[in-house]
Structures are given as C-alpha cells and as structure tokens.
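As a plain string of letters, each chain reads:
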Amino acid sequence: MFSGESRNVEYKVALPDRSIKYTKTAVAFANGEGGRIVFGIEDRTLNVVGVPDDQVFTIMDAISNAIADSCEPLIIPDISMRDVDGKTVIVAEILPGAQRPYFIRSMGRDQGTFVRVAGTTRQADEATIKELLFEGSNRSFDQTVCLGLEATSEAIEQLCESMTAVARTNAKHGDEIKPVTVKQLLSWGVLTERDGDLKPTNAFAILTGHNGPIRSVVQCGVFKGSTKAVFVDRREFTGTPWELIEQAYQYVLRNIHMGARFNGVYRQDVYEIPPDAIRELIVNAVVHRSYIDHSSIQIAIYDDRLEITSPGRLPMGQTIERMKEGYSKIRNEALAAAFSYMRLIEHWGSGIPRIIAEVREAGLREPEFLGGDTDLRINIYRQTDAVRDTEGKVPDTVSGVPDTEDKVPDTAGRVPDTEDKVPDTEDSLSAGQCAAYQYVREHGEATAGEIGKSLGVQDRRARKILSELVARGLLRRIGAARSTRYVLAAASDSGH
C-alpha cells in the first residue's frame, strides 16, 4: 500500500516530541504540490507500527493544532485515520497553498520557508522565496519594472524593429506580420507606464539582451564520458533570446554525430538527435526558465546524452507528468507573448509531446525529465555503442550503401552535369527546392535566412530545403553557426 518517501509523502513512526519536526514538512507541502504526512509507519522499512488506539484522537488534535498554530499563512490540514494491517495510522493531508510563501511563524519568512527537494524538506533560498512571493500574488516576474534600467526611445524602437524582423523571418508563407508597436509592448507587459513615463520591465531587459540586473546566459559544454569530470570544450553565450537560441542550437549540431540515410542513390544527412527537438528544447528553456534565479541555462553534451538544464522550480500547478501530457503553465507572461508573436513558439503545450514523438520516431529512447524542485533537467540519450562504428561515430549509412563517391552510382540524369542547370532527377525537385537552387546559382551563395526571405518561409523550413539539396549532392554547406552558407556543389568540388 505504501511506497517510500517522495516529494508528496513523508512518514513518522510516532508523533515527534517537537512539532517543528513535521510542521516544516507541512509548510513545504503547502509551498509545493501538496502531500501527506503519515504517522505510525517507519520511514526506512515502511513497517506499519500504528498508533495506540486510545491515543488516536488526542494525537489527531495535537497534529491539527500544531500545524495551524505554527504556520503562516494559516494551514488547515485534513486529518484522518486509516486501518492498515489491523493497525491504525494517522494521515495529515496538506493541500497546495495559494497564499505563498508559507513559513514557520516563529522563524520568520526568510528562515522559516521550506520546500520539498527530492523527497526531503529543505530551507528555501532567497530566489525560491521570491519565486513563491510572485506565485502567491499571482504576478509575473518578467512583467515587473526592472530597477536600474532605462527604456530610451531609441532602445524601444530598436526592439520593435528587431522583433518584427524575427517574426517575418519565422513566419509561414502567407502570414501577415504587423510591426511591433509601443502599444503592443505595453499590452504584453514588456513596457509599463508610470506617471506618464514608459518604464522597462524585466522582460524588456531580457528581450534587449541587457545582461545587467537580469542574467540571461546559456552555457554550453562538451564532456568526455558521462560526467562533467573531463571537459572537451566550453562556451558561454549572451545576447537577445533569439540569438541565444540560434547560438546554442548551432553549437549542439556542431558537436553531435551526423549519419546518412539514402533514398535510392541520394544521400540525406541525418543528425543522431532530431534537430527540431533540440531547437524546441532550447526555446522552452529560454522562455520558461526562472529569471529570478541567477543561474544559467546549461547545455551539456556527453558521450551518451544531450542534457539541458533550465533554472527554477516548476511553476505552481505544473508537474512533469502534466507537462509531458501537453499541459502548459506559463511562468513568464510577457516573454511568452513576445515569443508567440515572433513565431518562436507555436501552440501552447504542444512542444513537449512533439519532442517526445520526434525522439521516438528517430529510434531513440524517450527523453528523461528530472527534477522540477530547483531546476528542470531533460536528457535525450544518444545512439548506443551498438550502433556506432569503431571510431565512435554514427554509421554513415542507414541502408548499408557505402558513403564514398566512387561507389555511389553517378547515373545519367540524376546528378547535375553542370552548374548551369538543375538536374532532371527521376524524382523531380519540389518548387521550393528548385527556387532555392536557382537562388544560389544566381547569387553564388546564400544563407538560410536569405532563402527563407526569398521563398517566404521560416528559417527552419529553409534549412530543411537546403539540407535536402545538400543530400542530393546539388549544394554544399560551408562555414558554421551563424556564418553557415550554401554554395553550388559543382562550384566548390570539381569531382561533382
């Protein structure tokens, strides 16, 4: 019937001589998801000891009074008794509280606030208490005035122009993108008006990449083995949210393996982890992290996994289980609105289920979600050793066709004869592929952003089209990260 102690359950073999030993747990439960304190069960062995029948009601009253008298705001537990193996146990049920933070009155708020972390009760730090305060007042930290920062007219205008440009780059074909205005920033909570003056909120500081009062940093690293003991490379990125996302995304792509899949004689480069899932995870970390916590988003690439850690406990009402089912709980209201406008996020709650589906379809184990008490950590496990070659790389073929020029047949009409014409492939190119190829042929080279603007599609779609052309041997990718460009394969490699 009973399992071990967890985030929501704690056992006491008997009523402690000092009530503080369980009122701290009551406070922690009220500050979290709620929980039960069970009296009459040994916590380590789960042996049912029970409480003396002639003391049951006296003990129930003592528990109720101690919790109500010691905690602030008032916590009223639901006390009940249950029969387990012929013995009576007492259960104190604590519901999640709405008037956070809850604390031990005699200790004061700064010292008497407790939370549950990995099945134990711990004293809350300053950042957690502040997070609880915002939850209890139903306010969003990113919509609060950013002290020490000024919103000049030039800075506001630049932000509007930058966000509009990002939205147009990411917009789907046919979407109408209206320029961002000051009125829009006010409605989102990026700006607020005080005494007739425009004041920047914390969201303004984050969106403009102002890394002063608000810390917005992504730390990336590659490590040897499965721990952080030996690092191979480390990078730290700062800037606007969209710059952070792109820099971190490209960093991961550069440091994971790429294999190949063949459709007939045509090779398609395939990353071992679906790129869309990687990008979605990074976007989620940037928009949903706690900016009260001064820690950085951390992206670690180990031999066996990609690990993304987002600072801050899960928002009130959110759990890992609900998140995986598609339930969305917005922590940063202003950022969420801005990200939605810029097409960095789509349907609320769809991101995590979509990531899980994409990873499964890639033949990888389901992503692992850990923590939620002080931060959220997501692991995507890479290809196992069984599917790697002797050099530790993902095999270059899925179908078994060798990845060499002299063994892949160069059949007539399937590989371009010259750079002046698009090949007459058996499976004809799509309209988007033809247009992208022609653009590169006419301009000599192109970036994904330029192709996206030319075709009127998002950068993500443009990168996919360009990757397909690379896979067909028509284009070649040069450079890395933000300097990535695409050129005609024939122009850079005379062997084609």
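Residues numbered from 1 in each chain as written. Predicted model: local features only at pLDDT ≥ 70, side-chain atom pairs only at ≥ 80, totals over all residues. Heavy atoms only, no water.

The chain appears in an unreviewed UniProt entry as ATP-binding protein from Bifidobacterium moraviense.

With that settled, consider the pattern of salt bridges. With the rule as written, the count across this model stands at 20 salt bridges. A salt bridge links E10 to R116; the shortest N-O distance between them is 2.6 Å. Taken together, the residues span a long stretch of sequence, with E10 in strand β1 (residues 9-12) and R116 in strand β7 (residues 114-117) at a distance of 106 residues. The burial state of E10 is the same as that of R116; both residues are buried. The salt bridge involving D17 is made with K21; its shortest N-O contact spans 3.4 Å. The exposure class of D17 is exposed, given its relative accessible area of 68%. One continuous salt-bridge network, built from bridges that share partners, spans K228, D304, R305, E307 and R377. (Salt bridge = Lys/Arg side-chain N within 4 Å of Asp/Glu carboxyl O. Helix = DSSP H or I, 4+ residues; strand = E, 2+ residues; numbered from the N terminus. Buried < 20%, exposed > 50% of the residue type's maximum accessible area, 1.4 Å probe, protein only.)

What follows deals with the nonpolar core. For soluble globular proteins, nonpolar side chains are generally found buried alongside one another. Among the nonpolar cores identified, the biggest contains 73 residues, and M163, L185, L207, I299, F339 and M342 are the most heavily contacted of them. Setting aside residues no more than four positions away along its own chain, L185 makes contact with I156, L159, C160, M163, V180, V190 and L191. Ranked by size, the runner-up nonpolar core spans 25 residues in total, among them A26, I67, I79 and Y102. (Core = buried A, V, L, I, M, F, W, Y, C linked by side-chain atoms within 4.5 Å. Contact = heavy atoms within 4.5 Å.)

Moving on, we come to unusual backbone geometry. The peptide bond linking E72 to P73 adopts the cis configuration, its omega dihedral lying at -10°. Position of P73 among the secondary structure elements: in the loop between β3 (71-72) and β4 (78-84). Each neighbour pair has its own omega, and for R100 with P101 the value is 0°, a cis peptide bond. For P101, the position within the fold is in the loop between β5 (87-94) and β6 (103-104). Non-glycine residue D85 carries a positive phi angle of around 55°. The class of D85 is exposed, set by a relative accessible area of 69%.

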